[in-house]
Amino acid sequence: MNFQVGPNSLQLNEDGTLRHFLSIEGLTRDQLVAIMDRADGFLNPHQTKHPLTDFTIVNLFYESSTRTRCSFELAEKRLGAHALNLDIKTSASCKGETMLDTVRNLQAMGGDLFVVRHSEVGAVDHIARNVESHVHVLNAGDGCRAHPTQAMLDMLTIRHNKGDFSKLRVAIVGDLLHSRVARSDIHALRTLGTKEIRIIAPTTLLPKDCDSLGVTPFDNMEEGISGVDVIMTLRLQKERMQQALIPNDSEFYHRFGLSQARLALAKPDAMVMHPGPMNRGVEIASDVADGPQSVILQQVNYGIATRMAIMAMCLGR
Ligand code: NCD
């Protein structure tokens, strides 16, 4: 099925506040900063109040997930909401029920907010266009298009470690062609005024719209990484490749893997990020992933506060 994306205004109420959270595109710098500021207030789990007591939040994951799903569930529980996890594999979807009928039924049970991950671009927007007016929808990743909560947790992690975006050179390395994380990160980094955004990949894995994305492409890792403040590494998303776009994993590591030697070409205090799941020895060396410059587990930790902030804001709390 082909779903229609957007428009970007679909996620906003008439007064400009968030109704849904579907993509970074269409949001202003002030809106992104407001999300990070709110998330800051949720970073200490022991100080959390329960602004969403009595709200019901449904997690609808039509695609596999570890981090995002657990992070949303913990965020919902820390906000005091009822968290409902539908296991799609054992749900009535397997008996031919449409996605919208599933949503309508859960809406009838009092679902206030749906967190949706789907392999088709625009599927989450399709749900957002069809829910009742008091119901909210969050995009937890749709196809190769957008993963806006991941982008916001990445921005929060960068802000905590580096401060001012206007001074930063950021490099994103790996399978950019299939990465919804990279797309949302690029939109967020641009909106926040990042000095330079570089993308590094073999030409077969570079997006076709580099110019309109406002990024500088490199197909040489050593050149692309030199002097950067932040390096985001990405997994090869083989499940999304229609054909072999790289010779093999070891050839990829040889040309683009983030090793200690390559990391030394970046700024001495450069931070290393990865949205997970990580393939050690393919896009990143184990000693870099576990090394002192890695903030990979800090990203995971900040994901909970970020999702708490976004859900509370959508629900007007
Ligand atoms: C990613 C995703 O699912 O988009 N992971 C995540 O949510 N943290 C990236 C991936 O699958 O490689």
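Let me begin by describing the structure that accompanies this report.

Cut-offs and rules
Residues numbered from 1 in each chain as written. Predicted model: local features only at pLDDT ≥ 70, side-chain atom pairs only at ≥ 80, totals over all residues. Heavy atoms only, no water. Helix = DSSP H or I, 4+ residues; strand = E, 2+ residues; numbered from the N terminus. Rg over C-alpha atoms; globule rule 2.2 N^0.38 Å. Buried < 20%, exposed > 50% of the residue type's maximum accessible area, 1.4 Å probe, protein only. Contact = heavy atoms within 4.5 Å. Areas by Shrake-Rupley, 256 points an atom, 1.4 Å probe, with all protein chains shown as cover. Lys, Arg positive; Asp, Glu negative; His and termini not counted. Charge placed at Lys NZ, Arg CZ, Asp CG, Glu CD. Near = heavy atom within 4 Å. Polar contact = N/O pair within 3.5 Å; in protein donor to acceptor, adjacent residues only side chain to side chain. Axes fitted to C-alpha atoms, helices over the stretch in contact; angles between N-to-C directions. Parallel < 35°, antiparallel > 145°, perpendicular 65-115°, else oblique. Left-handed = near helix turned anticlockwise from the far one by under 90°. Nonpolar A, V, L, I, M, F, W, Y, C, P; charged D, E, K, R; others polar.

## Points about the overall build of the chain
Okay, so step 1: For the chain, the helix and strand inventory stands at 12 helices and 9 strands.
Okay, so step 2: Taken over C-alpha atoms, the radius of gyration comes to 19 Å for the chain, in line with the 20 Å a tight globule of 317 residues would show.
Okay, so step 3: With respect to the principal axes defined by its C-alpha atoms, the chain has extents near 55 × 45 × 35 Å.
Okay, so step 4: Relative to its full complement of 317 residues, the chain shows a buried share of 55%.
Okay, so step 5: Contacts in the chain between residues at least 24 apart in sequence constitute 75% of all its contacts with a sequence separation of at least 6.
Okay, so step 6: When the accessible surface of the chain is summed, it comes to about 13500 Å², and 50% of that surface belongs to carbon and sulfur atoms.
Okay, so step 7: Put simply, the chain has 33 plus and 36 minus side-chain charges, and the middle of one group is 2 Å from the middle of the other.

## Focus: the site of the ligand
Okay, so step 1: Surrounding the ligand, one finds Thr 68, Arg 117, His 147, Gln 150, Arg 180, Val 181, Arg 235, Gln 237, Pro 275, Gly 276 and Pro 277.
Okay, so step 2: In this structure, a nitrogen atom belonging to the ligand sits 2.8 Å away from a main-chain N or O atom of Pro 275.
Okay, so step 3: Within the contact set of the ligand, a nitrogen atom lies 2.8 Å away from a backbone nitrogen or oxygen of Gly 276.
Okay, so step 4: Contact with the protein chains removes 93% of the 320 Å² of surface that the ligand exposes when unbound.

## Quick notes on the packing of helix H5 (residues 148-162) against helix H6 (residues 180-191)
Okay, so step 1: The geometry of H5 relative to H6 is characterised by a closest axis approach of 8 Å and an angle of 50° between their N-to-C directions. Our classification of the angle between H5 and H6 gives oblique. The interaxial crossing formed by H5 with H6 has right-handed handedness. Side by side, H5 and H6 meet where Pro 148, Gln 150, Ala 151, Asp 154, Met 155 and Ile 158 of the first sit next to Val 181, Ser 184, Asp 185, Ala 188 and Leu 189 of the second.
Okay, so step 2: For the contact of H5 with H6, a count of residues per class yields 7 nonpolar, 2 polar and 2 charged.

## Examining the packing of helix H2 (residues 67-78) against helix H12 (residues 296-314)
In a pair of packed helices, the angle between the axes and the distance between the axes together describe the arrangement.
Okay, so step 1: Contact geometry of H2 with H12 gives a least axis separation of 8 Å together with a crossing angle of 55°. By the angle between their axes, H2 is oblique relative to H12. H12 is crossed by H2, and the crossing has right-handed handedness. Across the interface between the two elements, Arg 67, Thr 68, Ser 71, Phe 72, Leu 74, Ala 75, Glu 76 and Arg 78 from H2 touch Val 300, Gly 303, Ile 304, Arg 307, Met 308 and Met 311 from H12.

## Examining the side chain of Gln 11
Okay, so step 1: Following the sequence through the fold, Gln 11 ends up in the segment before helix H1 (29-40).
Okay, so step 2: We classify Gln 11 as buried; its relative accessible area is 1%.
Okay, so step 3: Polar side-chain contacts of Gln 11 include one of 2.7 Å to the backbone nitrogen of Leu 22.
Okay, so step 4: Of the polar contacts made by the side chain of Gln 11, one reaches the backbone oxygen of Glu 25; its length is 3.3 Å.
Okay, so step 5: For Gln 11, the residues in contact, after removing those within four places along its chain, are Thr 17, Leu 18, Arg 19, His 20, Phe 21, Leu 22, Ser 23, Glu 25 and Leu 27.

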